[in-house]
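# Structural features, examined
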Amino acid sequence: RLLADVIPPNDIGVTFDDIGALENVKETLKELVMLPLQRPELFCKGQLTKPCKGILLFGPPGTGKTMLAKAVATEAGANFINISMSSITSKWFGEGEKYVKAVFTLASKIAPSVIFVDEVDSMLGRRENPGEHEAMRKMKNEFMVNWDGLRTKDKERVLVLAATNRPFDLDEAVIRRLPRRLMVNLPDASNREKILRVILSKEELAPGVDLEVFANMTDGYSGSDLKNLCVTAAHCPIREILEKEKKEKNLAIAEGRPLPTLYGSEDVR
Ligand code: ATP
């Protein structure tokens, strides 16, 4: 059950080049995660440069937080373990504590690994949450204990990356364990254009399409919204073809001609 949530680095399929804009966040992540792995000698001098064990990505939905976490794992050659409250409630209902322990044990065994906690606020939200279920409280404690255990046991090899749209709902104890917090914000027009370029980099565009115009028309769109826009646009030519075929078919029927070969047999009529 747990192995289903693990993606080996070569299968993750997201690199930093697949992420448009967010240059500062990407640079900071490279410095915090990749550099310590590639040039450990630069980080062994004092206490202040010790590699960090937890990074929080926060910002509105659909801005690329999950993509960033996956790119970090890919580029660091690390296994990606995705955990979220929804996977716990669907697959490990009532066994959250066991699940968390299994995740950390596995992460250490297959290190280097990135444990990505999506919607961290729903999993590790404020402790004083009234009516909090006992099983939930135990799961959170288990998470903290294992997380702290990593610091001494596994040196630089297991990283917890957490993402949230609601950073203010996080437990103080969780915030303390995530000393580096990176804001992943909605893109402005020039960043929307960069994101559109990345999303459309492998597509054939109609002549005369000016992405700057679309970037200026999409104020408030997230990267995810821009992706959806492109998917919808890509379906337009398909709809046009189907529409044209339908017209030809109706005309053929009206004129009592055989249907165009595309429609084939009688039963399509
Ligand atoms: P949520 O907070 O809802 O979990 P998120 O911030 O984790 O969202 P992602 O899941 O990383 O967002 O992004 C959703 C999709 O939007 C991606 O799969 C990708 O197609 C597109 N996308 C978002 N941001 C970018 C970006 N900067 N460059 C390219 N594509 C992007």
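Preceding block: the structure.
Residues numbered from 1 in each chain as written. Predicted model: local features only at pLDDT ≥ 70, side-chain atom pairs only at ≥ 80, totals over all residues. Heavy atoms only, no water.

With that settled, consider the site of the ligand. Neighbouring residues of the ligand: 16 residues in total, closest Gly 20, Gly 62, Lys 65, Thr 66 and Met 67. Measuring from an oxygen atom of the ligand, one finds a backbone N or O atom of Met 67 at 3.0 Å. Here Ser 224 contributes a backbone N or O atom positioned 3.4 Å from an oxygen atom of the ligand. Computed on the free molecule, the ligand has an accessible area of 630 Å², of which 78% lies beneath the protein chains in the complex. Secondary-structure elements contributing two or more residues to the shell around the ligand are helix H3 (65-76) and helix H11 (223-254). Its residues placed into classes, the shell around the ligand shows five nonpolar, eight polar and three charged. (Near = heavy atom within 4 Å. Polar contact = N/O pair within 3.5 Å; in protein donor to acceptor, adjacent residues only side chain to side chain. Areas by Shrake-Rupley, 256 points an atom, 1.4 Å probe, with all protein chains shown as cover. Helix = DSSP H or I, 4+ residues; strand = E, 2+ residues; numbered from the N terminus. Nonpolar A, V, L, I, M, F, W, Y, C, P; charged D, E, K, R; others polar.)

Turning our eyes to something else, we now look at the packing of aromatic side chains. Tallying each qualifying case throughout the model produces three aromatic pairs. An angle of 90° between the planes, with centres 5.4 Å apart, marks the rings of Phe 143 and Trp 147 as edge-to-face. With Phe 143 and Trp 147 both in helix H7 (residues 134-153) and four residues apart, this pair spans about one turn of that helix. By the ring-pair criterion, three or more aromatic residues cluster together here, those being Phe 104, Phe 143 and Trp 147. (Phe/Tyr/Trp six-rings, centres within 6.5 Å; stacked < 30°, edge-to-face > 60°.)

What follows covers a nonpolar patch on the surface. Residues Leu 205, Val 209, Val 213, Phe 214 and Met 217 make up a contiguous nonpolar surface patch of roughly 430 Å² in combined accessible area. Residue classification places Phe 214 among the partly exposed residues on the basis of a relative accessible area of 37%. (Patch = residues over 30% accessible without salt bridge, like charges linked within 9 Å, V, L, I, M, F, W, Y side chains within 5 Å. Salt bridge = Lys/Arg side-chain N within 4 Å of Asp/Glu carboxyl O. Buried < 20%, exposed > 50% of the residue type's maximum accessible area, 1.4 Å probe, protein only.)

Here we take up the sheet that holds strand S6 (residues 180-183). Pairing within the open sheet is mixed, and its six strands lie in the order S1-S3-S4-S5-S2-S6. Edge positions in the sheet fall to strand S1 (6-7) and S6, since each of these pairs with one other strand and no more. Across the sheet, helix H5 (residues 96-109) is in contact with S1, strand S3 (79-83), strand S4 (113-117) and strand S5 (158-164); its angle to S3 comes to roughly 170°. (Pairing = 2+ DSSP bridges. Contact = heavy atoms within 4.5 Å. Axes fitted to C-alpha atoms, helices over the stretch in contact; angles between N-to-C directions.)

Okay, the pairing of S5 next. The two faces of the sheet receive side chains in turn, since in a regular strand these alternate between them. With seven of seven residues buried, S5 is to be regarded as a mostly interior element. Side-chain alternation along S5 places Val 158, Val 160, Ala 162 and Thr 164 on one buried face and Leu 159, Leu 161 and Ala 163 on a second face that is also buried. Taken together, the five bridges between strand S2 (residues 54-58) and S5 define a ladder with parallel strand orientation. Directly across from Ile 55, in S5, lies its bridge partner Leu 161. Looking at chain direction, S4 and S5 are connected through five bridges and run parallel. Looking at the pairing, Ser 113 lines up with Val 158 of S5.

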